[in-house]
Amino acid sequence: RRDAFGHDLRTGRTKRVSVTRSNRQGAGNTLEVKIDGGCTRVAFVSDSSGRRQVYLRDLVRRTTTLVSQSAGGRAGNGNSYEVALTKRRNGGGPANAVAFTSEATNLHRGDRNAFRDVYVRRGNRLHLASATRSGRAGNGNSDQPALSDDGKHVAFRTLTDDILKG
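Report follows, based on the coordinates. What you see is a predicted model, and the numbers here were worked out from it, not measured in a lab.

1. A word on the overall build of the chain
Right, on to step 1. The secondary structure content of the chain amounts to zero helices and twelve strands.
Right, on to step 2. Listing every helix and strand of the chain by position from the N terminus yields β-β-β-β-β-β-β-β-β-β-β-β.
Right, on to step 3. Here the C-alpha atoms of the chain give a radius of gyration of 16 Å, agreeing with the 15 Å that 2.2 N^0.38 yields for 166 residues.
Right, on to step 4. Seen through its C-alpha atoms, the chain measures out along the principal axes to roughly 55 × 35 × 25 Å.
Right, on to step 5. Considering the chain as a whole, with its 166 residues, one finds that 42% of them fall into the buried category.
Right, on to step 6. Considering only intrachain contacts with a sequence separation of at least 6, the fraction spanning at least 24 residues in the chain is 45%.
Right, on to step 7. Accessible area for the chain stands at about 9400 Å²; split by element, carbon and sulfur atoms hold 46% of it.
Right, on to step 8. For the chain, the distance from the average position of its 30 positive side-chain charges to the average position of its 15 negative side-chain charges is 7 Å.

2. Some points on the sheet that holds strand E4 (residues 41-46)
Strand pairing in a sheet is mediated by backbone hydrogen bonds. Such pairs are either parallel or antiparallel.
Right, on to step 1. With antiparallel pairing, four strands are arranged side by side in an open sheet as E3-E4-E5-E6. Looking along the sheet, the strands with just one partner apiece sit at the ends: strand E3 (30-35) and strand E6 (63-66). Recorded for the sheet is a direction-independent mean angle of 20° between the axes of neighbouring strands.
Right, on to step 2. Bridging between E3 and E4 involves five bridges; their strand directions are antiparallel. Residue pairing in the sheet places Glu 32 in a bridge with Val 45 of E4.

3. Thoughts on the nonpolar core
Right, on to step 1. Counting residues in hydrophobic clusters, the biggest one holds 17 residues, and the most contacted among them are Val 54, Val 98 and Phe 100.
Right, on to step 2. Breaking this core down by element, the ones donating at least two residues are E4, strand E5 (53-58), strand E7 (80-85), strand E8 (98-102) and strand E10 (125-128).
Right, on to step 3. Of all the elements, E7 adds the most residues to this core, at three residues.
Right, on to step 4. Once you skip the residues sitting within four places of it in the chain, Val 98 turns out to touch Arg 41, Ala 43, Val 54, Leu 56, Val 67, Val 83, Ala 84, Leu 85, Tyr 119, Val 120, Arg 121 and Leu 147.
Right, on to step 5. The next biggest cluster of nonpolar side chains, apart from the first, holds seven residues, and it includes Ala 84, Val 118, Val 120 and Leu 147.

4. Things to note about the packing of aromatic side chains
Right, on to step 1. All chains considered together, the criterion is met by two aromatic pairs.
Right, on to step 2. Both rings, one in Phe 44 and one in Tyr 55, keep their centres 5.5 Å apart while their planes meet at 20°; by these two values the pair is stacked. Taken as a pair, Phe 44 in strand E4 and Tyr 55 in strand E5 lie far apart in primary sequence, eleven residues in all.
Right, on to step 3. Residue classification places Phe 44 among the buried residues on the basis of a relative accessible area of 3%.

So, how was this worked out
- Residues numbered from 1 in each chain as written.
- Predicted model: local features only at pLDDT ≥ 70, side-chain atom pairs only at ≥ 80, totals over all residues.
- Heavy atoms only, no water.
- Helix = DSSP H or I, 4+ residues; strand = E, 2+ residues; numbered from the N terminus.
- Rg over C-alpha atoms; globule rule 2.2 N^0.38 Å.
- Buried < 20%, exposed > 50% of the residue type's maximum accessible area, 1.4 Å probe, protein only.
- Contact = heavy atoms within 4.5 Å.
- Areas by Shrake-Rupley, 256 points an atom, 1.4 Å probe, with all protein chains shown as cover.
- Lys, Arg positive; Asp, Glu negative; His and termini not counted.
- Charge placed at Lys NZ, Arg CZ, Asp CG, Glu CD.
- Pairing = 2+ DSSP bridges.
- Axes fitted to C-alpha atoms, helices over the stretch in contact; angles between N-to-C directions.
- Core = buried A, V, L, I, M, F, W, Y, C linked by side-chain atoms within 4.5 Å.
- Phe/Tyr/Trp six-rings, centres within 6.5 Å; stacked < 30°, edge-to-face > 60°.

This is the structure in structure tokens:
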């Protein structure tokens, strides 16, 4: 299986970072990996659950959390991928953001269509970034998220025509 590793250039130590909540190797392949600028968090995409899901590994706390999950804690019912991670970390603020593209329809109450959407997670809060003013998912595909270094802004590509008026 393909896994993600972190290599410390100063110490020469290498550690597997794509691990489960119980710090074990996942059952599937790791498909993408991003590290933050402080080298304290790694976001990765794995197909261990049968679908591609986004996970966040906190290298300081040694915890792994599912990022592509609903407010009720359910994993996305479609693939999630194209992960983006902020460069800096500051307590629990916006700089801890993770963005991703998802085909899931159960992550946000405003998203029930089959189009790809862009989400941003900050802690326990999941924000549908590719949404209309009324909070519903756009009427076309959105993807390729990019986060500002401080986590206050997300950019993405979209084919929707209802996110902005006119």
